[in-house]
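Observations on the three-dimensional arrangement
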Amino acid sequence: MQFLEAKSQRKFGQLLLIILTIAMIGCSSSNYADFQDKVVASIANDKKIDEKEYRDLAKFVLETKEPWAAGIKTPQGKIDDQILRDVLIRNANQKNIALSEAAIWQPVSLSKTSKFNVDIMLENSASMDGYVKGNTEFEATILALMSKLKNASFINSVNYGFVSVENFQTQSLNDMDDIKKFTDSLEPSLLQSQSGDRSASDIAKLISNALKSPTLDKHGVVVLVSDFIFSPPKGQQNAQDYLSSQGAYLEGIIRQKIKANPDFSLLVVKLVSSFNGAYYDKNGGVHNLAAPRPYYIWLMGDKDSILSIENELNLHSLNQYQNQLLLVNHADQGQIKYGVLTSTLIGATPQASFNIEEALKNNRITEAKVIAGQKLTFNLDIAVQLPQIGKNDSEVMFKDIHNYKVNDPNFVISKVQQADSMAKQRLASATHVLTLSYIGKQPQLTKTNLQISYQPRFPEWIQKSATVDDTKITTATALATGTFGIDTLLQSAYQAFNSEQKPTAYFDILIEP
């Protein structure tokens, strides 16, 4: 349908546009409302979805031929159980009904087949003494972390030990009494009594040893707790050069691990604790500090195991939690589902002009025209299903428009919003709505096949957490100074998971005048 151009017919054209939009979406909206009603009816009494209810809902989706249901089906026309489960949870949340993953009956393809073990490694170099002097947030966090892991239904056993480059031996935590006894005993004297060289922190070597843990070979998780301050060995004149070489080494060993196990993943959590003790700078200088200092927890293991911890144990609730970075292998990611919306076409000031029927039926933008005015305007809303790897992934990452790339410089992603009910009527599995905007100078569009990709940048919070010179650190500047070398270490890990520069997700869309 070509839009009417004459000024006298503009209002009629807008009215006709609204009527056509309602006519084409109205049926889908009614059908989607029926689906929502079935979901609510299933969970109203017991806040659970049993096998019969799940299969009834899946059958409803399978028999629905409307666009919103297509996003819950595989290319072969079968139900995508993972997506359906997420859609059920989101629908319940919209109705203010709490529905957990555990409350939904799961096909065999989604159920966890076995429990796994967790080994917690506490680094015991001299720089860690300040975190355990007296009652500190660090000790409270270790207690909370061990408790969460020990009480998790999907974890078999939790073991702990102190680690240096040369040595790591574990002891089992049998119950909460063991955990409380251990955390109560955390003092500098306990760390000092452990074997191993405490004079330097070869962080890359520590991580390398952790990656060789037999626990990882059995789908388990290794947790490394440290301040992650890079401390060169004695005799090393240039700390920065040595750090660079260690970064390259770390990237290499993580790539090697991913090659051996494509499911290998890494979750890094930043926290802060009071600190009272000796701080060792990059040149070996000693500074006595009594102030808050950052430290980090690295969780390494199979993706399913890491995500079970990340999704179920709410690490955000740990004392003085600051931020996190989740790294997974995106080799199995690719093209995502999307649906063109008509929201930018209606209203007093339309933001785009194109053929609605073709857009709704085939996700193709034909008869596309720029809206002329004080500036050229062509804004298009697109519902998309972004790959939410972890339930607690930062929404800041998704809403950062700089994390999206368009292969045509005349177009950009100008806005990102969470999917609303209209977006879910178009694509039931939608997580967000992207606004695609034309920023070209020509008043007429040309035919182009756009590829829009989501490729998160290296997080800014890591760069803000680092320092290149900690030799002048004082109690007053202890927290603001950051951690020497942490950006290099995490940049190396990030590069290992993103070495091929492939987008995390993408989709293609045709723009044709």
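Below, the structure is looked at part by part. (Residues numbered from 1 in each chain as written. Predicted model: local features only at pLDDT ≥ 70, side-chain atom pairs only at ≥ 80, totals over all residues. Heavy atoms only, no water.)

**Quick look at empty space enclosed by the protein**
Scanning the entire structure with this criterion turns up two cavities of 30 Å³ or more. Taken as a whole, the largest cavity encloses approximately 40 Å³ of empty space. Lining the largest cavity are Ile-336, Leu-386, Tyr-404, Leu-434, Ile-452, Ser-453, Tyr-454, Ala-505, Tyr-506 and Phe-507. For the lining of the largest cavity, the secondary structure elements donating two or more residues are β13 (448-454) and β16 (505-511). When the residues that make up the lining of the largest cavity are grouped by side-chain class, the tally is nine nonpolar, one polar and no charged. Size it by volume and the second largest cavity reaches roughly 30 Å³. Lining the second largest cavity, in full, are Leu-122, Glu-123, Met-128, Val-132, Phe-138, Phe-162, Leu-186 and Leu-191. Residues that form the lining of the second largest cavity fall into these classes: seven nonpolar, no polar and one charged. (1 Å grid on protein atoms, 1.4 Å probe; cavity = no way out; pocket = protein on both sides within 12 Å on 5 of 7 lines; lining within 4 Å. Points joined across faces, edges and corners; volume = space filled by probe spheres on them. Helix = DSSP H or I, 4+ residues; strand = E, 2+ residues; numbered from the N terminus. Nonpolar A, V, L, I, M, F, W, Y, C, P; charged D, E, K, R; others polar.)

**Concerning the environment of Ile-309**
With respect to the helices and strands, the residue Ile-309 is situated in helix α10 (residues 303-312). Ile-309 gets classed as buried once you look at its relative accessible area, which sits at 0%. In contact with Ile-309, other than residues within four places in its own chain, are Phe-116, Leu-149, Phe-154, Val-221, Leu-299, Asn-314 and Leu-315. (Buried < 20%, exposed > 50% of the residue type's maximum accessible area, 1.4 Å probe, protein only. Contact = heavy atoms within 4.5 Å.)

**Some thoughts on the packing of aromatic side chains**
Counting across every chain of the model gives 20 aromatic pairs. Both rings, one in Phe-228 and one in Tyr-296, keep their centres 6.3 Å apart while their planes meet at 90°; by these two values the pair is edge-to-face. Within this pair, whereas Phe-228 is found in the loop between β4 (221-226) and α9 (239-260), its partner Tyr-296 is found in strand β6 (residues 286-302), the two being separated by 68 residues in sequence. An aromatic cluster is built from Tyr-32, Phe-35, Phe-60 and Trp-68, whose rings are joined through pairwise contacts. (Phe/Tyr/Trp six-rings, centres within 6.5 Å; stacked < 30°, edge-to-face > 60°.)

**Quick notes on the pattern of salt bridges**
Opposite charge on two side chains makes pairing possible when the charged atoms of those side chains draw close. This model, assessed by the stated rule, comprises nine salt bridges. Its salt-bridge partner being Arg-55, residue Glu-51 comes within 3.1 Å of it at the nearest N-O pair. Taken together, the residues span about one helical turn, with Glu-51 and Arg-55 both in helix α2 (residues 51-63) at a distance of four residues. For Glu-51, a relative accessible area of 38% translates into the label partly exposed. In this structure Arg-55 comes out as partly exposed when scored by relative accessible area, which is 47%. A salt bridge links Arg-457 to Glu-460; the nearest nitrogen and oxygen atoms lie 3.6 Å apart. For Arg-457, a relative accessible area of 33% puts it in the partly exposed group. Residue classification places Glu-460 among the partly exposed residues on the basis of a relative accessible area of 44%. Here the salt bridges share partners, and the residues they tie into one network are Glu-358, Arg-364 and Glu-512. (Salt bridge = Lys/Arg side-chain N within 4 Å of Asp/Glu carboxyl O.)

**Re the sheet that holds strand β11 (residues 411-418)**
The strands making up a sheet associate through hydrogen bonds between their backbones, and the pairing can be parallel or antiparallel. The strand order across the open sheet formed by four strands is β8-β9-β12-β11, and the pairing between neighbours is antiparallel. The two strands at the open ends of the sheet, each matched to only one other strand, are β8 (338-340) and β11. The mean angle between the axes of side-by-side strands here comes to 30°, regardless of whether they run parallel or antiparallel. Of the pairings in the sheet, the one linking β11 to strand β12 (residues 432-438) comprises seven bridges and is antiparallel in character. Among the inter-strand pairings, Gln-418 is bridged to a residue of β12, identified as His-432. (Pairing = 2+ DSSP bridges. Axes fitted to C-alpha atoms, helices over the stretch in contact; angles between N-to-C directions.)

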